[in-house]
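Listed below, chain by chain, are the residues.
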Amino acid sequence: MADTTVLREGLRFGEGPRQGPDGRLYYSDFYDHEVRALDLATGEQEVVCDVPGQPSGLGWLPDGRLLVVSMRDRKVLRLEEGGLVEHADLTGIATFHANDMLVDAEGRAYVGNFGFDLHAAIAAGGEAAMLEPGWVAPGTPLALVRPDGSVEVAAEDLKFPNGTGLLPDGRLVVAETLAFGLTVFDVADDGSLSDRRVFASLREHGIAPDGIAVDADGGVWVAPALQPFVFRVEEGGEITRKVETSQVCFAVAIVGDRLVCCTAPSSQPEVVSQARLGKLEVVGL
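This structure is a prediction, so every number in the text was calculated from the model and none was measured.

**Describing the overall build of the chain**
Move 1: Within the chain, the secondary structure is distributed over three helices and 24 strands.
Move 2: Rg of the C-alpha trace for the chain: 17 Å, near the compact-globule value of 19 Å for 285 residues, within the 12% margin.
Move 3: Each of the three principal axes of the chain carries a C-alpha extent, and together these read 50 × 40 × 40 Å.
Move 4: Each of the 285 residues in the chain was classed as buried or not, and the buried ones make up 57%.
Move 5: Contacts in the chain between residues at least 24 apart in sequence constitute 45% of all its contacts with a sequence separation of at least 6.
Move 6: Put simply, the chain shows about 11,200 Å² of open surface, and 48% of that area lies on carbon and sulfur atoms.
Move 7: Seen as two clouds, the 23 positive and the 44 negative side-chain charges of the chain have centres 2 Å apart.

**Side note on the sheet that holds strand β8 (residues 75–80)**
Move 1: Pairing within the open sheet is antiparallel, and its four strands lie in the order β6-β7-β8-β9. Of all strands in the sheet, those bounded by a partner on one side alone are β6 (55–60) and β9 (83–89). Strand after strand, the sheet turns through a mean of 30° between neighbouring axes, direction not considered.

**Description of the pattern of salt bridges**
Move 1: Scanning the model with the defined rule gives 23 salt bridges in all.
Move 2: The partner of Asp104 in a salt bridge is Arg108, and the shortest N-O contact between them spans 2.9 Å.
Move 3: Owing to a relative accessible area of 9%, Asp104 belongs among the buried residues under this scheme.
Move 4: A salt bridge links Glu152 to Arg146; its shortest N-O distance comes to 3.1 Å.
Move 5: Exposure remark for Glu152: the relative accessible area of 31% places this residue in the partly exposed category.
Move 6: In this structure Arg146 comes out as buried when scored by relative accessible area, which is 18%.
Move 7: Several salt bridges share partner residues, and in doing so they unite Arg12, Asp29, Asp32, Glu34, Arg36 and Arg276 into one network.

**Details of the sheet that holds strand β10 (residues 98–103)**
Move 1: If you trace the four strands from one edge of the open sheet to the other, you get β10-β11-β12-β13, paired in antiparallel fashion. In this open sheet, the two strands that pair with only one neighbour each are β10 and β13 (151–158). Within this sheet the neighbouring strands show an average axis-to-axis angle of 25°, counted without direction.
Move 2: Relative to β13, strand β12 (residues 140–145) runs antiparallel, the two being bridged by five bridges. Paired with Thr140 across the bridge in β13 is Leu158.

**Notes on the pairing of strand β21 (residues 239–244)**
Move 1: Pairing between strand β20 (residues 229–233) and β21: five bridges, direction antiparallel. By the bridge assignment, Phe229 is partnered in β21 with Glu244.
Move 2: Counting the residues that bridge the hairpin from β20 to β21 gives five residues, and of these Gly236 lies at a positive phi of roughly 105°.

**Some thoughts on the nonpolar core**
Move 1: Ranked by size, the top nonpolar core spans 29 residues in total, and within it Phe13, Val76, Leu90, Met101, Val111 and Val145 carry the most contacts.
Move 2: Mapped by element, the contributors of at least two residues to this core are β7 (66–70), β10, β11 (109–113), β12 and β22 (248–255).
Move 3: The biggest single contributor to this core is β10, with three residues.
Move 4: The residues touching Val145, leaving out its near neighbours within four places in the chain, are Val76, His87, Ala88, Leu90, Gly107, Arg108, Ala109, Val111, Ser150 and Val151.
Move 5: Counting residues in hydrophobic clusters, the runner-up holds 15 residues, among them Val184, Phe199, Ile207 and Val222.

**Let's talk about the environment of Lys279**
Move 1: Checked against the element boundaries, Lys279 lands in strand β24 (residues 278–284).
Move 2: Owing to a relative accessible area of 18%, Lys279 belongs among the buried residues under this scheme.
Move 3: Considering only alpha carbons, one finds Lys279 and Gly64, 215 residues apart in sequence, at a separation of 27 Å.
Move 4: Contact partners of Lys279, with chain neighbours within four places excluded, come to Val6, Arg8, Glu9, Leu11, Ser246, Gln247, Cys261, Cys262 and Thr263.
Move 5: Polar contacts involving the side chain of Lys279 include one to the side chain of Ser246, which spans 3.3 Å.

Here is what the cut-offs are and how they apply
Residues numbered from 1 in each chain as written. Predicted model: local features only at pLDDT ≥ 70, side-chain atom pairs only at ≥ 80, totals over all residues. Heavy atoms only, no water. Helix = DSSP H or I, 4+ residues; strand = E, 2+ residues; numbered from the N terminus. Rg over C-alpha atoms; globule rule 2.2 N^0.38 Å. Buried < 20%, exposed > 50% of the residue type's maximum accessible area, 1.4 Å probe, protein only. Contact = heavy atoms within 4.5 Å. Areas by Shrake-Rupley, 256 points an atom, 1.4 Å probe, with all protein chains shown as cover. Lys, Arg positive; Asp, Glu negative; His and termini not counted. Charge placed at Lys NZ, Arg CZ, Asp CG, Glu CD. Pairing = 2+ DSSP bridges. Axes fitted to C-alpha atoms, helices over the stretch in contact; angles between N-to-C directions. Salt bridge = Lys/Arg side-chain N within 4 Å of Asp/Glu carboxyl O. Core = buried A, V, L, I, M, F, W, Y, C linked by side-chain atoms within 4.5 Å. Polar contact = N/O pair within 3.5 Å; in protein donor to acceptor, adjacent residues only side chain to side chain.

What follows is the structure, encoded as structure tokens:
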């Protein structure tokens, strides 16, 4: 029995949920190639933009302009009055599809990428092998996009850098999906990262963390990508709350006093791109 309430059905695959500057929930649907905005109070929804290259991570520049990750062409796009334009080209850094993104208050964007063709590896029967302790994922950089669109490497050799968030003390936490844990960095005034260390190891729980959301107390809500629940973990690895969802949870966002979960039966494109089985589920915090 799920602890959540289904807010919206009929998605293909929801990802990158964020509370926007206007208080609405913004999220991407990979295989409808749309970024949408949903008013949780009224249920009214609109399509914000279409992203042919498959949208994922979302964020906003200080002046309110929306940034969107275009996964397959490894770019960050910017929404202007006339439509989407290229903000940054990640092809020199991202080694496979670009993915989740965090944009900080200065307009700096930290963007992860798959690192390799994960879906092909799973389709070939590699999922079980990936859960073995001796298996090591290919490393890939985390990209830093400056507000002017210039791109540099923020950190090297991450194992599928995915959901990213800022802790209340200003540190950056990244879900390394295929390192089975959360990694934390100090952030300098110029946005550069240092002193990489483990925030929480999740391997003993069989958790490959996907999307994350940081709460005001510094706890990190984690979507586990393989299991139908979401949970809150504190630095050091203590799990303090667990919420059952109706299907596998891939991404989370905190919107006001509610936790929003993007769920689907699978992440495999051949399953979810052809059906509308994705959901937005909510629970009170």
